[in-house]
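# Chains, contacts and geometry: an overview
The primary structure of each chain is shown beneath.
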Amino acid sequence: MLKIAMTGARGYLGSLIRLYHKDKYEYISVTSADLDLSDPDRAREYFEQLDFDMVFHAAARPKTEECEAYPEWTRAINALAPIEIAKVCREKGKRFVFISTEQVYNGKSEPGPFAEDVPTDTVTNYGRHKVEVEQWLAENSQDYLVLRLSSMFGMALPGVKPSTNLISNTLNAIRGEKPTLFTVNELRGMTYAQRLADQFDKLIQLPTGVYHFTSENYINTYEIAKTIARGFGYDEETIAKYILPNHDRYKERFRDYRMDATKIQEHGIELGTFEEDLEICLRDFGWK
Ligand SMILES: NC(=O)c1ccc[n+]([C@@H]2O[C@H](COP(=O)([O-])OP(=O)(O)OC[C@H]3O[C@@H](n4cnc5c(N)ncnc54)[C@H](OP(=O)(O)O)[C@@H]3O)[C@@H](O)[C@H]2O)c1
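Below: a short report on this structure. (Residues numbered from 1 in each chain as written. Predicted model: local features only at pLDDT ≥ 70, side-chain atom pairs only at ≥ 80, totals over all residues.)

## Details of the overall build of the protein
Of regular secondary structure, the protein possesses 12 helices and 12 strands. For 288 residues, the compact-globule estimate of 2.2 N^0.38 gives 19 Å, and the protein sits close to it at 19 Å. Within the protein, the proportion of its 288 residues that are buried is 45%. (Helix = DSSP H or I, 4+ residues; strand = E, 2+ residues; numbered from the N terminus. Rg over C-alpha atoms; globule rule 2.2 N^0.38 Å. Buried ≥ 20, exposed ≤ 12 C-beta atoms within 10 Å, placed from the backbone.)

## Thoughts on the environment of L244
Note that L244 resides in strand β11 (residues 243-246). Here L244 falls in the partly exposed class, since 15 other C-beta atoms lie within 10 Å of it. Taking C-alpha positions, L244 is 4.7 Å from L181, a pair spaced 63 residues apart along the chain.

## Observations regarding the site of the ligand
The immediate surroundings of the ligand are formed by 26 residues, with G8, G11, T31, S32 and A60 found nearest. Breaking the shell around the ligand down by element, the ones donating at least two residues are α1 (12-20), β4 (95-101) and β6 (151-153). Tallying contributions element by element places α1 first for the shell around the ligand, with 3 residues. Considering only residue class, the shell around the ligand consists of 12 nonpolar, 11 polar and 3 charged. (Near = placed C-beta within 6 Å. Nonpolar A, V, L, I, M, F, W, Y, C, P; charged D, E, K, R; others polar.)

Right under this line is the structure:
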């Protein structure tokens, strides 16, 4: 059985993947209690001593504001430690799977979607951290995957707590009766996270390289929030009361960080559109 050392194993995507592939792989869950990635030297030592066939690196400090507030600490966790782990993988001849993000394109002025050969352009520390690891891998590793994910949405399952996403933000606004602003100046990919769990077997076998994993989206973040609210059965009056357009956020530069996922689909990975993904999610969780 393939032994997968998984960092971030208690996080949203790590726990979702483990839930659906319990018996297929032997997981070595590497949590922050086992290893604090803010110490990259310790990360190296830890992985040097570990017996594994592949590393699936899902740990990160993914909050943009936190990465801006604590640039050195978050860089150690998001970039320096994964590079140390990737070095160990190279020495042991094992594959390193790195979870990256569409945020590597958040500095772009031209419209997306962007294919993998479009150079990255990011204006946030979180994006820079991911790019730093990606570049190290491209220059130094023969056996790696970079999976650049769009925003991943879904709902809670036993042992799986979704990280903040547009579904939770929308439902919090309406259920909490808190009028909330959603920007009209942003276009991003929105993908049902279950697609990642369902296709995990195929994903980890992809040939070495960078892949975009995103369903297609053509509507801005405000329209997405309204579409989600309609999907949950809320009427237009309620939606108009709690889901409000934010015309100021990103008005100085419209943010379009959508990625083109043609390459990964040519390798047999199935993706859809945001609307299709939302339908599947609502059906899976009994809302349809
Ligand atoms: N979810 C998305 O929409 C999305 C989109 C694009 C890319 N990504 C990327 O996908 C990966 C997984 O995301 P996620 O949504 O599953 O994130 P998450 O739920 O926030 O989980 C992140 C995990 O990172 C671990 N971690 C944080 N600081 C650590 C430290 N100092 N030492 C060791 N582990 C630490 C945590 O481990 P413990 O629980 O053990 O403390 C946590 O389980 C991340 O790399 C993220 O950047 C996610």
